[in-house]
Amino acid sequence: ILVDDGSTDGTREWLAGLSQRTVSRSNPPPSVHCRVHLNERNLGFAATCNRGAASASGEILFFLNNDLVFLPRWLEPMLAAFARFPAAGLVGNVQLNHATGAVDHTGIFFNHKGKPEHDTRRGPGLPDCRPVTALTGACFGVRRSRWVQLGGFDEGFVNGCEDIDLCLRAAQLGLVNYVARRSGVRHHISASTGRKLRDEQN
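Keep in mind that what you see is a predicted model, and the values were worked out from it rather than measured. (Residues numbered from 1 in each chain as written. Predicted model: local features only at pLDDT ≥ 70, side-chain atom pairs only at ≥ 80, totals over all residues. Heavy atoms only, no water.)

K.L.:
Sorry if this is basic, but what is going on with helix H5 (residues 162-172) here?
P.N.:
Structural remark: α-helix, 3.6 residues per turn; residues separated by three or four positions point the same way. Across the 11 residues of H5, eight count as buried, placing the element largely inside the fold. If you check which residues of H5 are buried, you get Glu162, Asp163, Ile164, Asp165, Leu166, Cys167, Arg169 and Ala170. Two residues or fewer past H5, Gly174 is found with a positive phi of approximately 90 degrees. (Buried < 20%, exposed > 50% of the residue type's maximum accessible area, 1.4 Å probe, protein only. Helix = DSSP H or I, 4+ residues; strand = E, 2+ residues; numbered from the N terminus.)

K.L.:
What am I meant to see in the nonpolar core here?
P.N.:
One broad trend across soluble globular proteins is that nonpolar side chains are buried collectively. Of all hydrophobic cores here, the largest spans 22 residues; its most connected members are Phe63, Leu90, Phe140 and Trp147. For this core, the secondary structure elements donating two or more residues are helix H2 (45-54), strand S3 (60-64), strand S10 (139-143), helix H4 (144-150) and H5. Among the elements that line this core, the one with the most residues is H5, at four residues. Among all residues touching Leu90, those that are not within four sequence positions of it are Leu135, Phe140, Gly141, Val142, Leu150, Leu166, Cys167, Ala170, Val176, Asn177 and Tyr178. Counting residues in hydrophobic clusters, the runner-up holds 14 residues, among them Trp74, Met78, Ala88 and Cys129. (Core = buried A, V, L, I, M, F, W, Y, C linked by side-chain atoms within 4.5 Å. Contact = heavy atoms within 4.5 Å.)

K.L.:
Sorry if this is basic, but what is going on with the environment of Arg186 here?
P.N.:
Examined against the element boundaries, Arg186 turns out to sit in strand S11 (residues 176-187). Residue class for Arg186 comes out partly exposed when judged on its relative accessible area of 26%. Expressed as a C-alpha distance, the spacing of Arg186 and Val103, which sit 83 residues apart in the sequence, is 9.1 Å. Setting aside anything within four residues of it in sequence, one finds Arg186 in contact with Asp67, Leu68, Val69, Leu71, Leu96, Asn97, His98 and Gly101. Of the polar contacts made by the side chain of Arg186, one reaches the backbone oxygen of His98; its length is 3.4 Å. (Polar contact = N/O pair within 3.5 Å; in protein donor to acceptor, adjacent residues only side chain to side chain.)

K.L.:
I tried to follow helix H3 (residues 75-84) on my own but got confused; where do I start?
P.N.:
For H3, every residue scored as buried is listed here: Pro77, Met78, Ala81 and Phe82. Buried residues of H3, viewed axially, fall in a sector of 145 degrees; they line one side. Facing away from the buried side of H3 by over 90 degrees, the exposed positions are Ala83 and Arg84. (Arc of directions from axis to C-beta.)

K.L.:
Please explain the packing of aromatic side chains as it appears in this structure.
P.N.:
Each aromatic ring pair is characterised by the separation of its centres together with the angle its planes make. Tallied over the full model, the rule gives 10 aromatic pairs. With a centroid separation of 5.5 Å and an interplanar angle of 55 degrees, the aromatic rings of Phe45 and Phe153 are classed as tilted. Taken together, the residues span a long stretch of sequence, with Phe45 in helix H2 and Phe153 in the loop between H4 and H5 at a distance of 108 residues. Residue Phe153 is classed as buried on the basis of its relative accessible area, which comes to 3%. Aromatic side chains Trp147 and Phe153 sit 5.3 Å apart centroid to centroid with 85 degrees between the ring planes, which places their arrangement in the edge-to-face category. (Phe/Tyr/Trp six-rings, centres within 6.5 Å; stacked < 30°, edge-to-face > 60°.)

K.L.:
Any chance you could explain the pairing of S11 here in plain terms?
P.N.:
Where a strand is regular, its side chains alternate between the two sheet faces. Counting buried positions over the 12 residues of S11 gives nine, a clear majority of the element. Here strand S4 (residues 68-70) runs beside S11; their pairing, made up of three bridges, is antiparallel. Its bridge partner lying in S11, Phe70 is registered against Val185. In the sheet, strand S5 (residues 88-97) pairs with S11 via eight bridges, with the strands oriented parallel. Its bridge partner being in S11, Asn97 is matched across the sheet by His187. Taken together, the four bridges between strand S9 (residues 129-132) and S11 define a ladder with antiparallel strand orientation. In the strand pairing of S11, Val132 is matched with Asn177. (Pairing = 2+ DSSP bridges.)

K.L.:
Sorry if this is basic, but what is going on with the side chain of Asp165 here?
P.N.:
Along the chain, Asp165 falls in helix H5. Taking the relative accessible area as the measure of exposure, Asp165 reaches 18% and is therefore buried. Each residue touching Asp165, except ones within four places of it in the same chain, is listed here: Asp154 and Phe157.

K.L.:
Which parts of the structure should I look at to understand the pattern of salt bridges?
P.N.:
Side-chain pairs of opposite charge can arise where the charged atoms are in close proximity. The tally for this structure, following the rule as stated, stands at seven salt bridges. Taking the shortest distance from any N to any O, the salt bridge between Lys115 and Glu200 comes out at 3.3 Å. With Lys115 in the loop between strand S7 (108-110) and strand S8 (116-118) and Glu200 in the segment after S11, this pair connects stretches of sequence that are 85 residues apart. Between Arg130 and Asp119 there is a salt bridge, and its shortest N-O distance comes to 2.8 Å. In this pair, Arg130 is assigned in strand S9 and Asp119 in the loop between S8 and S9, connecting sequence segments 11 residues apart. (Salt bridge = Lys/Arg side-chain N within 4 Å of Asp/Glu carboxyl O.)

See below:
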């Protein structure tokens, strides 16, 4: 499910063509069927994710930013976390800065000023799947039943902290958020125009 949030760089046209080229699942081998939603205008991260999730029917939803590069076998450790932990809320993974290869995210904590901050620890001695206060929305999974229970992202946030809010609301319900440390992606961090403009407000 691909949602275009009012882009003007030719992506909308490419997506429209992609959705028209899909082949029926009944023909072996099965093809990947793409559903495309084109927002009439830029609605922001929360509303765009909510729109995509509303048309999903799978047991587990994965939210994937368009600026990710997937490392081999990134998916399996995240799926294993859901199988292992019935009370899992959101499950994220290790994210590397695409430009430098440095660890950018192994979870989110609140620093001494009460501000959310990325944890970058990846050394030995940490469990393969560890509980975290929160995690980034750039790449995460959640059971669809939990997503519905949580009501999705709060659209009052504008391109920042929607993910943290969702994690905190999951914790209020007694769910535990995890980072699967054997899953990894590279991320073009905060590449969207205006990504940091509303951080304090959010």
